[in-house]
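These are the residues of each chain, in order.
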Amino acid sequence: MNSQEVNSSSAMFNDSLMSADDALTFLLNSASVSNKTETVSLDNSLGRILASDIHSTINVPGFDNSAMDGYTIALDDSQVSQTNLSFDIVDRITAGSTGNDLKMGCAARIFTGAPIPKGANTVVMQEECELSEDGSQISVARAINLNENIRPTGNDILEADVILSSGKQIQPQDISLAASVGVGEIVVFKKIKVGVFFTGDELVEPGNPLSPGKIYNSNRYALVALLNQVGCDVINLGNIEDKLDATCDALETLETQCDLIMTTGGVSVGEEDHVKPAVEKLGELNLWKIRMKPGKPLAYGKVKQTPFIGLPGNPVSSFVTFCIFSLPFIKKMQGNTNYGSKILKVKANFDSKRAKPRREYARVRIDYSSETPLANLYPKQGSDVMSSVVWADGLIEIPENTTFEAGTILNYYPLSELTR
Ligand code: AMP
Ligand code: MG
């Protein structure tokens, strides 16, 4: 990994409020693209990031072929555009075989994908051909033109075309295209390893009883699921005793094995938590107060040379800041050139009479029955209300320092895109 130093002396990062856009820009500038690659089979390539361009060494299709089951004909000049013509059937060409050269005025039975024989210049689909009783001739009532139903050589791909570019995340259709040019293995970036652990005296693992004042550790499961979904290898140390030594040990263990370390909670200012002093002891840490809701506190730093991201503790804040900030950061590290969040436009079905200083990523459900999709707010938008995320289709961006009427078009991030 290349590294870019965190410029902690900049006024922007000195515990002052920071805009969401600045925080994202800073993170993306700090993310270095993995330089480790490996070769995988096509069957194992789904979701991986291509590490070099794939060129085709062949034309696809490699030969002119029939787009239909029917008859291929060698029309002579006088027959072009004429109606009611008859032709002797002199050959039968199935997909995978090759036919003989076709003489002028003759036809050959042909099947979809079979090569057009030399001399043939058009294909008529079988539904339009009438076969003589003895099967030796066809007649076609309608006018026939040249080059009907022929898929020409290179119609899909030309030799030397770049069919897939480095930095692309492999989808099933990409696998199809690679296979179609005969590529069976591809070079992808190695999965990045993300180390996680959790602290907080209030946290209890699901499956255990809760004693007074305790809550279940839900962030741990959300974070691991999000990281798995985006194709990271996760090293999960689980809950670490809230002591400085134990926290330093956890960070050092992860630092040697991981490309990124992440935690949730304990990054609010004045927190009774050892993550902050431990990261500071082993590297450097910036605690940012981001002008956004949910998710004001976010920590970014380094444990020795390994980047560290500390997400806020409130479950909605943790989830949303992962999606908005960490996911593009991780995608860039993975070598994915398409790391920016996908932003759509929807109409707010609510107004905002008071301008607020913090940008809001509100949980909304989309009503697609109107001409422009309409965004409806979940009634409770607290950063502790995880039900809002489960209910929502996505997040709507309510801009800072503005008022607006219902019907205003705003940026919208579908959760389906935002979490992968
Ligand atoms: P903190 O950022 O540590 O001050 O935590 C803010 C809020 O998030 C508190 O109500 C915590 O109890 C809660 N919280 C912190 N970590 C977790 C977690 N892993 N799972 C669920 N809630 C958490
Ligand atoms: Mg805490």
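Residues numbered from 1 in each chain as written. Chains lettered and ligands numbered in written order. Predicted model: local features only at pLDDT ≥ 70, side-chain atom pairs only at ≥ 80, totals over all residues. Heavy atoms only, no water.

1. Things to note about the packing of helix α4 (residues 244-257) against helix α5 (residues 275-282)
Turning to step 1, where the next piece is worked out: In the contact formed by α4 and α5, the axes pass within 9 Å of each other and the chain directions differ by 55 degrees. Between α4 and α5, the angle falls in the class oblique. In the packing of α4 onto α5, the handedness of the crossing is right-handed. Side by side, α4 and α5 meet where Leu244, Thr247, Cys248, Leu251 and Glu252 of the first sit next to Val275, Pro277, Ala278, Val279, Lys281 and Leu282 of the second.
Turning to step 2, where the next piece is worked out: Residues belonging to the contact of α4 with α5 are distributed by class as follows: eight nonpolar, one polar and two charged. (Axes fitted to C-alpha atoms, helices over the stretch in contact; angles between N-to-C directions. Helix = DSSP H or I, 4+ residues; strand = E, 2+ residues; numbered from the N terminus. Parallel < 35°, antiparallel > 145°, perpendicular 65-115°, else oblique. Left-handed = near helix turned anticlockwise from the far one by under 90°. Contact = heavy atoms within 4.5 Å. Nonpolar A, V, L, I, M, F, W, Y, C, P; charged D, E, K, R; others polar.)

2. What to know about the site of ligand 1
Turning to step 1, where the next piece is worked out: Residues in close proximity to ligand 1 total 15 residues, the closest being Glu202, Asn217, Gly266, Gly313 and Asn314.
Turning to step 2, where the next piece is worked out: Between Asn217 and ligand 1, the recorded distance is 2.7 Å, taken from a side-chain N or O atom to a nitrogen atom.
Turning to step 3, where the next piece is worked out: Residue composition of the shell around ligand 1, grouped by class: four nonpolar, nine polar and two charged. (Near = heavy atom within 4 Å. Polar contact = N/O pair within 3.5 Å; in protein donor to acceptor, adjacent residues only side chain to side chain.)

3. Focus on the side chain of Ser318
Turning to step 1, where the next piece is worked out: Examined against the element boundaries, Ser318 turns out to sit in helix α6 (residues 315-333).
Turning to step 2, where the next piece is worked out: Judged by relative accessible area, Ser318 falls into the buried class, the value being 5%. (Buried < 20%, exposed > 50% of the residue type's maximum accessible area, 1.4 Å probe, protein only.)

4. Here we look at the sheet that holds strand β6 (residues 85-93)
Turning to step 1, where the next piece is worked out: With mixed pairing, six strands are arranged side by side in an open sheet as β8-β5-β7-β6-β10-β9. Lying at the two open borders of the sheet, with one neighbouring strand each, are β8 (122-125) and β9 (130-131).
Turning to step 2, where the next piece is worked out: Bridge count between strand β5 (residues 70-73) and β8: four bridges; the pairing is antiparallel. Note that in β8 the partner of Thr72 across the bridge is Val123. (Pairing = 2+ DSSP bridges.)

5. A closer look at the confidence of the model for the chain
Turning to step 1, where the next piece is worked out: When pLDDT is averaged along the chain, the result is 94, and 95% of the positions lie at 70 or above.
Turning to step 2, where the next piece is worked out: The low-confidence segment residues 1-14, where pLDDT is below 50, has 33 contacts with residues more than four positions distant or belonging to other chains. (pLDDT = per-residue confidence, 0-100.)

6. What to know about the packing of aromatic side chains
Turning to step 1, where the next piece is worked out: In total, this model carries seven aromatic pairs according to the counting rule given.
Turning to step 2, where the next piece is worked out: Plain terms: the ring middles of Phe350 and Phe404 are 5.9 Å apart, the flat faces sit at 65 degrees to each other, and that makes the pair edge-to-face. On the criterion of sequence distance, the pair formed by Phe350 in the loop between β23 (344-348) and β24 (359-367) and Phe404 in the loop between β26 (394-398) and β27 (409-414) is long-range, its members being 54 residues apart. Taken as a pair, Phe350 and Phe404 share a single burial class, namely buried.
Turning to step 3, where the next piece is worked out: By way of ring pairs, the aromatic residues Phe26, Trp288, Tyr300 and Phe329 are connected into one cluster.
Turning to step 4, where the next piece is worked out: Here the guanidinium or amino end of Arg109 rests over the ring plane of Tyr71, the centre of that ring lying 5.1 Å away. (Phe/Tyr/Trp six-rings, centres within 6.5 Å; stacked < 30°, edge-to-face > 60°. Lys NZ or Arg CZ within 6 Å of the ring centre and 35° of its normal.)

7. Quick word on the side chain of Ser317
Turning to step 1, where the next piece is worked out: Mapped onto the fold, Ser317 is located in helix α6.
Turning to step 2, where the next piece is worked out: Overall, Ser317 belongs to the buried group, its relative accessible area being 4%.
Turning to step 3, where the next piece is worked out: A distance of 3.3 Å separates a polar atom in the side chain of Ser317 from the backbone nitrogen of Gly295.
Turning to step 4, where the next piece is worked out: With sequence-adjacent residues up to four places away left out, Ser317 is seen in contact with Pro294, Gly295, Pro312 and Ser383.

8. Structural notes on the pattern of salt bridges
Turning to step 1, where the next piece is worked out: Under the criterion given, the structure shown has 14 salt bridges.
Turning to step 2, where the next piece is worked out: Between Lys353 and Asp351 there is a salt bridge whose closest N-O contact spans 2.6 Å.
Turning to step 3, where the next piece is worked out: For Asp351, a relative accessible area of 36% puts it in the partly exposed group.
Turning to step 4, where the next piece is worked out: Connected through shared salt-bridge partners, Asp21, Arg359, Glu397 and Glu400 make up one network. (Salt bridge = Lys/Arg side-chain N within 4 Å of Asp/Glu carboxyl O.)

9. Focus: the environment of Phe308
Turning to step 1, where the next piece is worked out: In this structure, Phe308 sits in strand β22 (residues 306-311).
Turning to step 2, where the next piece is worked out: For Phe308, the contacting residues outside a window of four places in its chain are Leu251, Leu260, Ile261, Thr263, Val275, Val279, Leu285, Ala299, Tyr300, Gly301, Lys302 and Val303.

10. Observations regarding unusual backbone geometry
Turning to step 1, where the next piece is worked out: With omega at -5 degrees, the peptide bond leading from Val60 into Pro61 counts as cis.
Turning to step 2, where the next piece is worked out: Among the structural elements, Pro61 can be located in the loop between β3 (54-55) and β4 (65-66).
Turning to step 3, where the next piece is worked out: Of note, the amide linkage connecting Lys293 to Pro294 takes the cis form, showing an omega dihedral of 0 degrees.
Turning to step 4, where the next piece is worked out: Mapped onto the fold, Pro294 is located in the loop between β20 (292-293) and β21 (297-303).
Turning to step 5, where the next piece is worked out: The backbone of Asn147 shows a phi angle near 65 degrees, a positive value even though the residue is not glycine.
Turning to step 6, where the next piece is worked out: Counting through the fold element by element, Asn147 comes out in the loop between β10 (137-140) and β11 (150-151).
Turning to step 7, where the next piece is worked out: One non-glycine residue with positive phi stands out, namely Asn401, at about 55 degrees.

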